[in-house]
Amino acid sequence: MNKPFDIGIDSLSSASETSTLTISPLPEPSQIPASDASPKSFYLETFGCQMNVHDSEKVSGVLLGRGYHAVKTPSEAGLVLYNTCSIRERAAQKVFARIGDWKTISNGKVIGVLGCLAQQEGEEIFERAPWVSLVCGSASYRRLPELIDQIESGNRRVMGLDLDTDETFETEITRRDNLFRAYITIIEGCDYSCAYCVVPHTRGPERSRPSDAVLAEARRLADAGYTEIQLLGQTVNSYRDPSPRGLDFVGLLRAVAEVKGIRRVRFTTSHPNDFHREIIDAIDETPALCDHIHLPVQSGSTPILRAMRRTYTRDEYLEKISWIRAGRRPYSITSDAIVGFPGETEKDFEDTLSLLDSAQFDAVFAFTYSPRPNTPAQHMPDAIPEEEKSRRLAVLLEHQRQIQAKRNEIFVGQSFELLVDGRRTKRDQWAGRTTCNRIVNFTTPREILLGEYVQARVTQAGPNSLVGEQVF
Ligand code: SAM
Ligand code: SF4
């Protein structure tokens, strides 16, 4: 069992299936009477990964730029938007339940479905939920102003579902919802074709953003007072600058880290195939680059990796881990894993457990395999029963919890620099993150300001977080 103080690690991973981040949580729509909301007011709820969270910041920016204002509940909004995730079936079901809530009470409101589920289901959404007026996939967000024009002129079935674009989603205004960490998308879409994954279908092919645009955004964020930047992409390290400057991922990392005022640069998610030693060399040499690598492995069995079309073997993955461990910094490594992929034998599963022992991750985001439409694995034979998938997931999580508990013990007595990003009022603690992205909940005699950098010494360790006190 977790210790009482062990509040939970948040990571760079796209682990959560649902995150209502853009605007704070709400009563279920079905409990809300429809009201005379201003047509220029919007409510946006986000499901899924950090890419979605950041897309929502940009969508909000587009709307704010067109004279809309954000409201805190769907009942107050003329325009209700869901930015959706379809990575696992459960995520998609949650979204459909949310949309279904509007069936009888949407009168006058414009309901829109954005993101992965919109792209995946397309026009079908209008058939299933005729009260929905806008369906727009993430690759079409650059058309949002035009689509909103159509809605404002009374069109009740507006769609943006293009995938054949080499443009990325640039906005003049991005509404920032995280006060301490600013996201910058550097690459959209994905050119891999992992057998289980909907992303190439829902987000389209890989498109990198010109380095000048990335660096200009980083400078604007630094001027606005941000000190931590997180570069985003489904395969962030496949970045290739399309402009004549021609930076590769390492070149871009170094350039962002040089922006005056930026103290921490993170990036996620790295694909193992594009993970080269030069990335570690760059972090070793550049103080602003954080000591954390999120490197999803998915399975520890080479035959399953092959069936998943992951393009590396177990040994090749572990070799990359050994480069990271040979680096000059005490790196934190986190990962994603899928259990119960079709054909996964008990031996394959044990290989995943033994890989966890070898890799010594600081966190693992593990999922039971969920068959998805339009993916090569959808109809693969030898499906694993749901009950067995759940059993394997529980075994894996417990195995990893023990690894983390042991790893975290060594931090007791050590001091770390933290960026303070939260307050645990009930416990009279503040929360901050180390460069490794570990959470430390700490006490201090001072009235600390959020956003400050402080030093704290760890006094207790749990598998998911650390407890400490400020040192001066
Ligand atoms: N691009 C990242 C990579 O290559 O590892 C992964 C991005 S994906 C949005 C986030 C995670 O969701 C994956 O690492 C994988 O573990 C999980 N995932 C994706 N498709 C899944 C599926 N069909 N069933 C269960 N988990 C899935
Ligand atoms: Fe999905 Fe694979 Fe692309 Fe990651 S690399 S987004 S898992 S297809």
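Above this text sits the structure in question.
Remember, predicted model here, so these are calculated numbers, not experimental data.

With respect to spatial proximity, 17 residues lie near ligand 1, and among them Gln234, Gln298, Arg310, Asp336 and Ser370 are the closest. In the model, an oxygen atom of ligand 1 is placed 2.7 Å from a nitrogen or oxygen of the Gln298 side chain. Residue Asp336 places a side-chain N or O atom 2.6 Å away from an oxygen atom belonging to ligand 1. Within the complex, 95% of the 570 Å² of free accessible area of ligand 1 lies under protein. Here the residues of the shell around ligand 1 are counted per class, giving six nonpolar, seven polar and four charged.

Looking now at unusual backbone geometry. Cis geometry marks the peptide bond from Thr268 to Thr269; its omega dihedral reads 5°. Mapped onto the elements of the fold, Thr269 is located in the loop between strand S11 (264-268) and helix H9 (277-285). Even without being a glycine, Asn374 presents a positive backbone phi close to 60°. For Asn374, the location among the structural elements is in the loop between strand S14 (363-368) and helix H13 (386-409). Given a relative accessible area of 48%, Asn374 falls into the partly exposed group. Positioned with a positive phi, Asp428 is a non-glycine residue whose angle comes to about 55°. Along the chain, the position of Asp428 falls in the loop between strand S15 (415-424) and strand S16 (429-433).

Let us look at the side chain of Lys320. With respect to the helices, strands and loops of the structure, Lys320 is situated in helix H11 (residues 314-325). For the buried Lys320, no salt bridge exists, and the shortest N-O distance to an oppositely charged side chain is 6.9 Å, to Glu319. In this structure Lys320 touches Pro272, Asn273, Phe275 and Leu295, once residues within four positions along its chain are discounted.

About the criteria used
- Sequence order as written defines the numbering, with residues in each chain counted from 1.
- To label them, take the chains in the order written and letter them from A, then take the ligands in the order written and number them from 1.
- Only residues with pLDDT of at least 70 are given local features in this predicted model, and only at 80 or more are side-chain atom pairs given and counted; all residues enter the totals for whole chains, interfaces and linings.
- As a convention, hydrogens and water are excluded, and side-chain values are obtained from all of the structure's heavy atoms.
- Note on definitions. A residue lies near a molecule or strand when any single heavy atom of the residue is within 4 Å of it.
- In protein, a polar contact requires one atom able to donate a hydrogen and another able to accept it; more generally it is a pair of N or O atoms within 3.5 Å, and residues adjacent in sequence count only if both atoms are side-chain atoms.
- Residue exposure ignores everything except the shown protein chains as possible cover, and the areas themselves are Shrake-Rupley values with a 1.4 Å probe.
- Residues were grouped as follows: Ala, Val, Leu, Ile, Met, Phe, Trp, Tyr, Cys and Pro as nonpolar; Asp, Glu, Lys and Arg as charged; and all remaining residues, including Gly, as polar.
- Only DSSP runs of H or I covering at least 4 residues are called helices, and only runs of E covering at least 2 are called strands; the numbering of each starts at the N terminus.
- Relative accessibility decides the category of a residue: with a 1.4 Å probe and only protein chains considered, values under 20% of the type maximum give buried, values over 50% give exposed, and everything between is partly exposed.
- By the counting rule applied here, Lys and Arg register as positive and Asp and Glu as negative, while His and the ends of each chain are not counted.
- By salt bridge we mean one thing: a side-chain nitrogen of Lys or Arg within 4 Å of a carboxyl oxygen of Asp or Glu.
- Any two residues having at least one pair of non-hydrogen atoms within 4.5 Å are treated as being in contact.

Scope: geometric values only; no functional claims are made or implied.
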